[in-house]
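Understanding the architecture of this molecule
So you can see what is in the structure, the chains are spelled out below.
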Amino acid sequence: MTERRDKPSASFDPDGGADNRPDAGFLSGGGVMGALMRSYDWADSPLGHPEAWPQSLRTVVSLLLNSKFPMFIAWGPDLAFLYNDAYLPIFGAKHPRALGQPFAEIWSEIWTEISPLVDRALAGEATFHKDLPLVMLRNGYPEETWFTFSYSPVRDESGGVAGMFCACSETTGQVEGERRLRDSEARWRGLFERMQEGFYVGEALRDADGRMRDFRFIEVNPAFGALTGIPASDAVGRTVLDVIPDIPVELIEHYERVIATGEPKRFEVFIPALDDRWYEARARKAGDERVAVLFLEITDRKRTERRHEALLEFGDRLRDLTELSEITRAAADILAETLNAPYVGYGEISEGGDEGEGENRVTTIHSHGNALPESGDFWRDFADDLKAGQVVAVTDVTSDPRTAANSGSYGLKGTRSFACAPIAEAGRITAILWVQDKRPREWAPDELVFIREIADRTWAAVEHARAEDELKQGERRFRMLVDLAPTAVWLGNPDGSLSYLSDGWYDYTGQTAADALPSGWWDAIHPEDRDHVRTTWSEARERGQFYDVELRLRGRDGGYRWFVARANPLYQRNGSSPENPPAGKVTGWFGATVDIDGQKAAEDELRLLNAALEERVRSAVAEREQAQEALRQAQKMEAVGQLTGGVAHDFNNLLQAILGNLDILGDKLAGQEDLVRHIRFAMQAGDRAATLTQRLLAFARRQPLAPTSLNLNALVGGMQELLQRSVGEAIQVEAVLAGGLWRTWADANQVENGLLNLAINARDAMPSGGKLTIETANSHLDDAYVSGQLGLQPGQYVLLSVTDTGSGMPHDVLSRAFEPFYTTKPIGQGTGLGLSQLYGFARQSGGHVAIYSEEGHGTTVKLYLPRHHGTPETADAGPALPEPAAANEGETILVVEDEGLVRMLMVQTLEDKGYRVIEAHDAQGAMLILESDMKVDLLATDVGLPGMNGRQLAEAARALRPDLSVLFLTGYAHNAALGDEPLGPRTQLISKPFAVKTLLTKIRTMLEGAAG
């Protein structure tokens, strides 16, 4: 197409040089290429000297030389190549030899691709090409390049196309960057689509104050839907509050901080609205108002961690808990919080007949959120699974075959799903731990394992607490027994020291526990006896044999008396048999020290009097036997105290039969004075026996309270002079009595005794004098206060407060102040029962007692007694009982008494007065009568019936016959028989033995009251 041209012969002078050619003004400027063109020898070029170039060519050349955009023009038949400075980077090593050379030679390596485009331009067609790929050899090696350019025809003065003009731009970097970007995007998109983590981009939405209140989902990946349950189509373009209205506010706050600070943030968030799921999220700023978030669901991990933490927390709590209610409440709280279950309960299954019978019912120990169903045998719906040791899991009570039949009763308790863990002992289900939800719920296997673990730990803790309580009770009974014994009982250690001495030692020697233990007891031994005692004690310990030694001990008066000390070794069996106890290790000694001073004196006297004094010897022996009998009697006292309540009950039943029949016999023999006199003597003896039973009840501390309507202001005012005399003149007694004080219902004698005890305690705390303040006030105990006091009810109380300015109590003493027998007073100066009796009286009266004390700042004891709304009672000795009226026609009495003689007496007495009497010997027989249509006006029942007791019978009877009058008969006192609860309406109690006239009068009064 063109003829090849040689390189320009002229040398290139970048500064333009000093040529002698005619001026070519259109070549002025143009930088490097302008200077090159001006210095170029155009003589051999087909273009000729620039001054001879046509105006059209000169115009285009002037344009391109002064342009900053890459341009060239190809002119003439050979398409001679002219270009500007901006085109130099495109040329590479081809510059400067390319100036004026044919287009086809310069770009021979790409001519095949561009020649069709050149031909179109020379044919008069302008073309534009974007990102055209070309492989160039501009730097001596092939390069893949891309260009965006236009080819435009350039016409000469004749109007014909004489050349072509090109404005071009190399887009290699841009194209390669876009290609890399596309590749990267493709790789990223593949990763984006396949990644396990959820991802989304959110755009902040702000309120008028500029605070971020919401954000819009701009983009989400497929894992977003899998992890949230929200399809991408439901999220993209919508705000998070539209998609998840209950989203936690802290999530938006996290994103607001990321956008504001530009600092990435990693956090965990719990979203209840998404099925209670946990997520771990990493957020980064992704623009001015955008945040990019990667997240994973960690619900299983969090639940596992929480269950593990809950088990640790439960273990920590159990270490400090000893009460059954506290242990089960802790288990319920842990399960409710960890499993997000609204209702949790723990109940024990009573031991009755076979497990298929109705005697086995759940006794609720703790019900968190009123969880356990009211039906005590509900667990029988799935008893077989529980007996097999399985944790029963019911997803929906309406569809599970084990519960569907009773789904209505479950629904009444708000139960739609539940899990129940059995606790078995010796092959019998002893308790259940119950977790329920008010909606259908799939119980995960690890949740059931967790419930089982809590159930097992709860039962272990309950059993441990019971064992600890039994041990403490045994220790308390033992210490009471030995402290009441006239001998000194002691416990020895293998090293010869002592760990315990009973009160008998301290009472005789005058030592304190700090003086005597562990080795100070040696000081009480006579100096002449110490070596012998030490040798005997050492030999017994070395050989593990019975210890027996006589010694003299110094009393608190400084004198000495003879004692015998004996002890048996205690063994740790380690597999040894009872027949061979020494095979075990000696772990201690159990001993007693008995006063034998009288015996020793008798023996000395015997040695002096010889055989002639045999009678005196027998007397001494008798005295010794009497002393030993007294010792045995003292050791029985504790056992007697345990038996007195039962003895009194049985004895009262016998007395009832005896006195009642004597009463009837006296009526029948009226007028026969010689016989009546003997009956009167017998009844006097019976009355004395009844008095004896009352004393037995007093000894056993079962005598009843005698509550009345009290005005504490009057009680305190009446005692003020007594209190001042009791505490002495060094102590000022001040009474601050509230105006308008409510009345209370309590035993006045008990209140007076309690107040006097508190005053004496205060006196002992103020040996140098001080002030004792007694205050009364009306008080209201709210729910918050009584929540920490088991059994105490919120409401109105009358307060009696006693405050002293004495030494106060340290914390360890204050924490034990109500313990029976605990005292800080010296031996012999206090029993340790005052505060414990006050506490028991307060709780028995439906009230409360609290102590506030600070060491060095005095003590305040507050006694709260319930307000009484009734009118004050007036004392009434009462006239002799009138002759009871006869029964009205048809009046029917149901007598329930297991003691045949008493029952026969009551039936005869009532029938003699015209009553129709129905008798039963137990509650089961009575229920058959009450469930029938037979008329019953009054139920007279013994309290201590076998099986169902009298109180339970009365409750069952009232359920069938709400208006039925009930008379309780008991050989115990009121509170011992029926507890501390007051009797209800149409209910009375009569204690055995009672006079026939008293019984008839009581029944007549009750029937007339019911009729009125």
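The following refers to the structure shown. The model shown is predicted, which means the values in this text are computed figures rather than measured ones.

To continue, consider the packing of helix α23 (residues 748-765) against helix α26 (residues 834-844). One way to put it is that α23 packs onto α26 with a least axis distance of 10 Å and a crossing angle of 145°. Taken as a pair, α23 and α26 cross one another with a handedness that is left-handed. Across the interface between the two elements, Gln750, Val751, Gly754, Asn757, Leu758 and Asn761 of α23 pack against Gly834, Leu835, Leu838 and Phe841 of α26. Partitioned by chemical class, the residues of the contact of α23 with α26 number 5 nonpolar, 5 polar and no charged.

Before going further, it helps to examine the packing of aromatic side chains. For the coordinates displayed, the defined rule picks out 37 aromatic pairs. Ring geometry for Phe103 against Trp111: centres 5.2 Å apart, planes inclined by 70°, an arrangement best described as edge-to-face. Their ring planes at 55° and their centres at 4.8 Å tell us that Trp537 and Tyr547 sit as a pair that is tilted. Of the two residues, Trp537 is situated in helix α18 (residues 530-543) and Tyr547 in strand β18 (residues 547-554); the sequence distance between them amounts to 10 residues.

Quick look at the sheet that holds strand β4 (residues 143-155) now. Strand order in the open sheet made by the 5 strands is β2-β1-β5-β4-β3, with antiparallel pairing throughout. Two strands lie at the open edges of the sheet, namely β2 (80-83) and β3 (127-136), each paired on one side alone. Recorded for the sheet is a direction-independent mean angle of 30° between the axes of neighbouring strands. Here β3 runs beside β4; their pairing, made up of 8 bridges, is antiparallel. Looking at the pairing, Leu134 lines up with Thr145 of β4. Across the sheet, helix α2 (residues 55-65) is in contact with β1 (71-75), β2, β4 and β5 (161-170); its angle to β1 comes to roughly 160°.

Another point: the pattern of salt bridges. As enumerated under the stated definition, the model contains 46 salt bridges in all. Note that Arg301 and Glu305 form a salt bridge whose closest N and O atoms lie 3.3 Å from each other. Taken together, the residues Arg301 and Glu305, both in helix α11 (residues 299-319) and 4 residues apart, mark about one turn of the helix. Glu305 gets classed as partly exposed once you look at its relative accessible area, which sits at 33%. Linking Glu453 and Arg457 is a salt bridge whose minimum nitrogen-to-oxygen distance equals 2.7 Å. Residue Glu453 and its partner Arg457 are both found in helix α15 (residues 445-484); the two are separated by 4 residues, about one turn of the helix.

Further remarks concern the sheet that holds strand β30 (residues 938-942). The parallel open sheet is built from 5 strands, whose spatial order is β29-β28-β30-β31-β32. Strand pairing shows two members of the sheet lacking a second neighbour, β29 (916-920) and β32 (987-991), which therefore form its edges. The average angle at which neighbouring strand axes cross in this sheet is 20°, direction not considered. Against the sheet, helix α28 (residues 923-930) touches β28 (892-896) and β29, its axis set at about 155° to β28.

Reading the values: the criteria
Residues numbered from 1 in each chain as written. Predicted model: local features only at pLDDT ≥ 70, side-chain atom pairs only at ≥ 80, totals over all residues. Heavy atoms only, no water. Axes fitted to C-alpha atoms, helices over the stretch in contact; angles between N-to-C directions. Helix = DSSP H or I, 4+ residues; strand = E, 2+ residues; numbered from the N terminus. Left-handed = near helix turned anticlockwise from the far one by under 90°. Contact = heavy atoms within 4.5 Å. Nonpolar A, V, L, I, M, F, W, Y, C, P; charged D, E, K, R; others polar. Phe/Tyr/Trp six-rings, centres within 6.5 Å; stacked < 30°, edge-to-face > 60°. Pairing = 2+ DSSP bridges. Salt bridge = Lys/Arg side-chain N within 4 Å of Asp/Glu carboxyl O. Buried < 20%, exposed > 50% of the residue type's maximum accessible area, 1.4 Å probe, protein only.

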